[in-house]
Amino acid sequence: MKRGRAYEEARRLGDRYPIQYSESDRRVVVERFDFPEGWDPRFGKLRYDLPGTYPRDIPTVYIPREQSYETGKPRHLLRGIGPSGGDGTWSKWCIEDHNVTWDPDEDTLIKLTTMMRASLAAPNSDNPFAEGQA
Amino acid sequence: MTRRLRLPVAVVRELRAELLREDGQERFAFVDAGTDDGSLLAGRVDPVPDEDLARQSRTACRPSPAVEREHVSDCYDRGLSPVLVHSHPFAEDPRFSGIDVESMGRFREWLTGLFPDRTFGFAVVGETGVEAVVRDGDRLASLPIEVVGEWKLDAPVPGSTDRFASGIGHDASRAAGDASGTAGGRADDVEAGDASRMTDDVGAGGGERTLPADGREGERIDDRFDRNVRAFGADGQRRLQSATVGVVGVGGLGSMVAEQLARLGVGELVLVDPDVVEASNLARLVGAYDHHVGKPKVAAVREHCWRSAPTDLTVETVADRIEARPEVLDDCDLVVGCVDEVRARSFCNEYAVKHLTYYVDAGVRIDTEDGRLESMAAYVQTVAPGATACFDCLGRHDREATRLERQSAEERTRGVERGYVDEDDLEPEPAVIHLNGLCASTAVSAVVDIATGAKRPPEFVRHDSIDHETTALATEPSAACPTCGDDGVLGVGRRSFGDARFTPESADGQSEETPSD
């Protein structure tokens, strides 16, 4: 435990992506995230809103409202639902639809970003983390 | 609240185990402490290995300057304050020696030169006792010791005080010694050093009187509390009167807790609840009547508490979620969580762990199947951070429940439509007043035990109201707990690092980290 767990995780995520960390808003924004094949635009932001109970609970994830997928609105995207008090530029991505087993001892914002890559790569799958497995 | 060095039992145990060994050598450890209104909140212990000590004998020890510099700097970087602890293995209840006082004075000058605005402290531990001082401007002020959850220690710390004591400590002789201007009982030791650097904030500025244990002197106790006094003594009653208790959630359960605390003579209540009274609450919410419907629950319960205990009761009300106003708990000696949302209970638990505040978590659960009663139970858990298990140590955080709690009404509706939320999960939970009453009384019993010290508080109680069986368990904190464990937030207090931007390594291979606030 150094400068708080979320701060340290955001710093580590910053080894790969430009990161904005807001302590007061409990928010982490991943800038220039490389969206998987099928998404347009291919680079955009991810927004993680950290619950007051983080790391015991998984953050709420949003993607930019302008992001679109080639086959239409994905199953786990909730257009029209954004952060409270937001400016309408975000849409909620229901990462928790995947029945994620979030383990506060092991899981981090880095793991969440990996999960988001898998989820966005199979945006209509209920279990994208098993895609391609035997 | 008088400033103190608050030591969780786990920290006392670790200091004793690491610094007091059979070879009789003095040893050294850093304790990283959060700060809270002048008090130091001990969290993590970092013992200095013998090989990193520049000097070690049966009468002296000191880490190498490089070890000191590195740890102190790292501690400040993490928003904490270092307490430099060494042992006097030869002493039962130790005092700083003249040599200690001299070297602490030199260290104070050195460190305040490097970090002019930072807090730090020193402590010495013996077989059972602990003495501590804290930087106070250009002096070192003596710091009373409070052991959080002291009932869990095999050998209590002599002279320690607690936040409910109507006097400054159980050991009046130490307070008297402090008031004379010395660091401890052995004035010759201090005079051998630089006593002018030592000040005392206990006898002179602490503002608390030492009362005899039988409490026969001091303020008169209202006749209405006569039967209480016969149960747990005048001192116990005064401890309740001096207590500030936060009650988070004043629905069917919390309203009963608040009423009982008011009638017991607790001096100040802080009631927190964002909800207004609804007609469906009236079957359980004590003190609420038809005319309260539509009004804040905290207002209805405050009115009832004042009617229940009209003398000397202060009630602060906060009609908001606790997550939005955690600072209202800062002056509370103890917090009782009576909320139905898991996330609010987890939040209260984490607040308690960070601030080393006692937390009593109370809840009920009724399960039905096809209209038939399956189970009916009341739970009460006492959290003495670093002494007992916390809410998360026992794995009581329910992620599925918090997932739903965090969703807006529209999200839940769409979740049902999309097939990701079970409509049954959105129905109100069953609730009955008699189970609430049982739970409230058990929770209040824990509060009274902690505040009065009359008996050992229950650590975890489950009452099965189907079979009428009560199970009581002792608990221990878990090192793996994400909240109070080794990588958790025990004693960190309220820290702020501001906002930041992080960017991947630039072309020259340097990672950038830029505060952006």
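Residues numbered from 1 in each chain as written. Chains lettered and ligands numbered in written order. Predicted model: local features only at pLDDT ≥ 70, side-chain atom pairs only at ≥ 80, totals over all residues. Heavy atoms only, no water.

**Focus on the overall build of chain B**
Alright, step 1. Secondary structure summary: chain B contains 12 helices and 21 strands in total.
Alright, step 2. Residues classed as buried in chain B amount to 55% of the 517 residues present.
Alright, step 3. Within chain B, residue pairs in contact and separated by at least 24 positions form 66% of the contacts whose partners lie at least 6 positions apart.
Alright, step 4. Accessible area of chain B: about 22100 Å², with a carbon and sulfur share of 46%. (Helix = DSSP H or I, 4+ residues; strand = E, 2+ residues; numbered from the N terminus. Buried < 20%, exposed > 50% of the residue type's maximum accessible area, 1.4 Å probe, protein only. Contact = heavy atoms within 4.5 Å. Areas by Shrake-Rupley, 256 points an atom, 1.4 Å probe, with all protein chains shown as cover.)

**A closer look at the overall build of chain A**
Alright, step 1. If you tally the helices and strands in chain A, you get 2 helices and 8 strands.
Alright, step 2. Seen along its three principal axes, the alpha-carbon backbone of chain A occupies a region of about 45 × 40 × 25 Å.
Alright, step 3. By sequence separation, contacts in chain A at least 24 residues apart represent 51% of the contacts at least 6 residues apart.
Alright, step 4. Surface exposure of chain A reaches about 5900 Å², of which carbon and sulfur atoms provide 44%.
Alright, step 5. Computed over 20 positive and 22 negative side-chain charges, the inter-centroid distance for chain A is 3 Å. (Lys, Arg positive; Asp, Glu negative; His and termini not counted. Charge placed at Lys NZ, Arg CZ, Asp CG, Glu CD.)

**Considering a negative patch on the surface**
Residue and element names in this part refer to chain B.
Alright, step 1. On the surface, Asp275, Glu278, Asp340, Asp422, Glu423, Asp424, Asp425, Glu427 and Glu429 cluster together to form a negatively charged patch.
Alright, step 2. The residue Asp424 is located in the loop between α11 (409–418) and α12 (433–452) in this model.
Alright, step 3. Judged by its relative accessible area of 58%, Asp424 is exposed. (Patch = residues over 30% accessible without salt bridge, like charges linked within 9 Å, V, L, I, M, F, W, Y side chains within 5 Å. Salt bridge = Lys/Arg side-chain N within 4 Å of Asp/Glu carboxyl O.)

**Side note on unusual backbone geometry**
For residues that are not glycine, phi is negative in most cases, and the peptide bond is trans in most cases.
Alright, step 1. Of note, the amide linkage connecting Asp40(A) to Pro41(A) takes the cis form, showing an omega dihedral of -5 degrees.
Alright, step 2. Phi is positive for Asp370(B), close to 50 degrees, though the residue is something other than glycine.
Alright, step 3. Tracing the backbone shows Asp370(B) in the loop between β16 (358–369) and β17 (372–383).
Alright, step 4. Residue classification places Asp370(B) among the exposed residues on the basis of a relative accessible area of 77%.

**Quick look at the environment of Val133(B)**
Alright, step 1. Looking at the element boundaries, Val133(B) is found in strand β8 (residues 130–136).
Alright, step 2. Separated by 13 residues in the primary sequence, Val133(B) and Phe120(B) place their C-alpha atoms 8.8 Å from one another.

**Focus on the environment of Thr452(B)**
Residues and elements named next belong to chain B.
Alright, step 1. Within the secondary structure, Thr452 sits in helix α12.
Alright, step 2. Along the primary structure Thr452 and Val315 are separated by 137 residues, whereas in three dimensions their C-alpha atoms are 21 Å apart.
Alright, step 3. When residues no more than four places from it in sequence are discounted, the contact partners of Thr452 are Phe232, Gly236, Arg239 and Leu240.
Alright, step 4. Within the structure, the side chain of Thr452 is placed 3.1 Å from the backbone nitrogen of Ala454, a separation counted as a polar contact. (Polar contact = N/O pair within 3.5 Å; in protein donor to acceptor, adjacent residues only side chain to side chain.)

**Observations regarding the environment of Val130(B)**
Residue and element names in this part refer to chain B.
Alright, step 1. Take Val130: it is sitting in strand β8.
Alright, step 2. The class for Val130 is buried, based on a relative accessible area of 6%.
Alright, step 3. In this structure the C-alpha to C-alpha distance between Val130 and Val157, which are 27 residues apart in sequence, comes to 6.8 Å.

**Comments concerning the state of the cysteines**
Alright, step 1. All told, the structure shown has 0 disulfides over all chains when counted by the stated rule.
Alright, step 2. Of the cysteine sulfurs around Cys439(B), a residue in no disulfide, the closest is that of Cys338(B), at 7.3 Å. (Disulfide = S-S within 2.5 Å.)

**Details of the packing of aromatic side chains**
How two aromatic rings sit relative to each other is given by the distance of their centres and the angle of their planes.
Alright, step 1. For the structure on display, the rule yields 18 aromatic pairs over all chains.
Alright, step 2. With a centroid separation of 5.3 Å and an interplanar angle of 75 degrees, the aromatic rings of Phe28(B) and Phe30(B) are classed as edge-to-face.
Alright, step 3. Given the relative accessible area of 1%, Phe30(B) is considered buried.
Alright, step 4. An aromatic cluster of at least three residues, connected via ring pairs, comprises Tyr17(A), Phe33(A), Phe35(A), Trp39(A), Tyr69(A) and Trp93(A).
Alright, step 5. The ring centre of Phe43(A) lies 4.5 Å from the NZ or CZ of Arg32(A), which sits over that ring. (Phe/Tyr/Trp six-rings, centres within 6.5 Å; stacked < 30°, edge-to-face > 60°. Lys NZ or Arg CZ within 6 Å of the ring centre and 35° of its normal.)

**Quick word on the pattern of salt bridges**
All names here are of chain B.
Alright, step 1. Per the stated rule, a full pass over the model turns up 52 salt bridges over all chains.
Alright, step 2. One salt bridge in this structure joins Arg494 and Asp330, with 2.9 Å as the shortest N-O distance. Residue Arg494 is found in the loop between β19 (469–473) and β20 (500–503), and its partner Asp330 is found in the loop between β14 (314–318) and β15 (334–337); the two are separated by 164 residues along the sequence.
Alright, step 3. Two residues, Arg343 and Glu341, come together in a salt bridge whose shortest N-O distance is 2.9 Å.
Alright, step 4. Connected through salt bridges with shared partners, the residues Arg13, Lys152, Arg456, Glu459 and Glu476 form a single ionic network.

**Quick notes on the sheet that holds strand β18 (residues 460–464) of chain B**
All names here are of chain B.
Alright, step 1. Spatially, β14-β13-β12-β15-β16-β17-β18-β19 is the arrangement adopted by the 8 strands of the open sheet, whose pairing is mixed. Two strands close off the open sheet at either side, each with one partner strand: β14 and β19. When the angles between neighbouring strand axes are averaged without regard to direction, this sheet yields 15 degrees.
Alright, step 2. Two elements, β17 and β18, share 5 bridges in a ladder whose sense is antiparallel. (Pairing = 2+ DSSP bridges. Axes fitted to C-alpha atoms, helices over the stretch in contact; angles between N-to-C directions.)

**Overview of the interface of chain A and chain B**
Alright, step 1. Contacts between chain A and chain B engage 41 residues on the former and 37 residues on the latter.
Alright, step 2. When chain A packs against chain B, close to 3400 Å² is buried across both sides, 45% of that on carbon and sulfur atoms.
Alright, step 3. Inspection of the region where chain A meets chain B yields 5 salt bridges.
Alright, step 4. Residue Glu31(A) pairs with Arg501(B) through a salt bridge whose shortest N-O separation is 3.2 Å.
Alright, step 5. Taken together, the connections running from chain A to chain B amount to 22 residue pairs in polar contact (both at pLDDT 80 or more).
Alright, step 6. Among the elements of the structure, α1 (5–13) and β1 (19–22) of chain A are those that each provide at least two residues to the side of chain A that touches chain B.
Alright, step 7. Top element by residues in the side of chain A that touches chain B is β1(A). It accounts for 4 residues.
Alright, step 8. Counted by class, the side of chain A that touches chain B contains 16 nonpolar, 9 polar and 16 charged residues.
Alright, step 9. By the bridge criterion, 3 bridges tie β1(A) to β20(B) in an arrangement that is antiparallel. The residue bridging Gln20(A) from the neighbouring strand is Arg501(B), located in β20(B). (Buried area = accessible area lost by both parts, 1.4 Å probe. Nonpolar A, V, L, I, M, F, W, Y, C, P; charged D, E, K, R; others polar.)

**Regarding the side chain of Glu9(A)**
Residues and elements named next belong to chain A.
Alright, step 1. Here Glu9 lies in helix α1.
Alright, step 2. At 2.8 Å, the side chain of Glu9 and the side chain of Arg5 are in polar contact.
Alright, step 3. Setting aside residues no more than four positions away along its own chain, Glu9 makes contact with Tyr54, Asp107, Thr108, Leu109 and Ile110.

**Comments concerning the pairing of strand β5 (residues 60–64) of chain A**
Residues and elements named next belong to chain A.
Alright, step 1. The element β5 is extensively covered by neighbouring structure, given that 5 of its 5 residues are classed as buried.
Alright, step 2. Judged from the 3 bridges that link them, strand β4 (residues 43–49) and β5 form a sheet pairing that is antiparallel. Directly across from Arg47, in β5, lies its bridge partner Tyr62.
Alright, step 3. Across 4 bridges, the pairing between β5 and strand β8 (residues 90–93) is antiparallel. Looking at β8, one finds that Tyr62 is bridged to Lys92.

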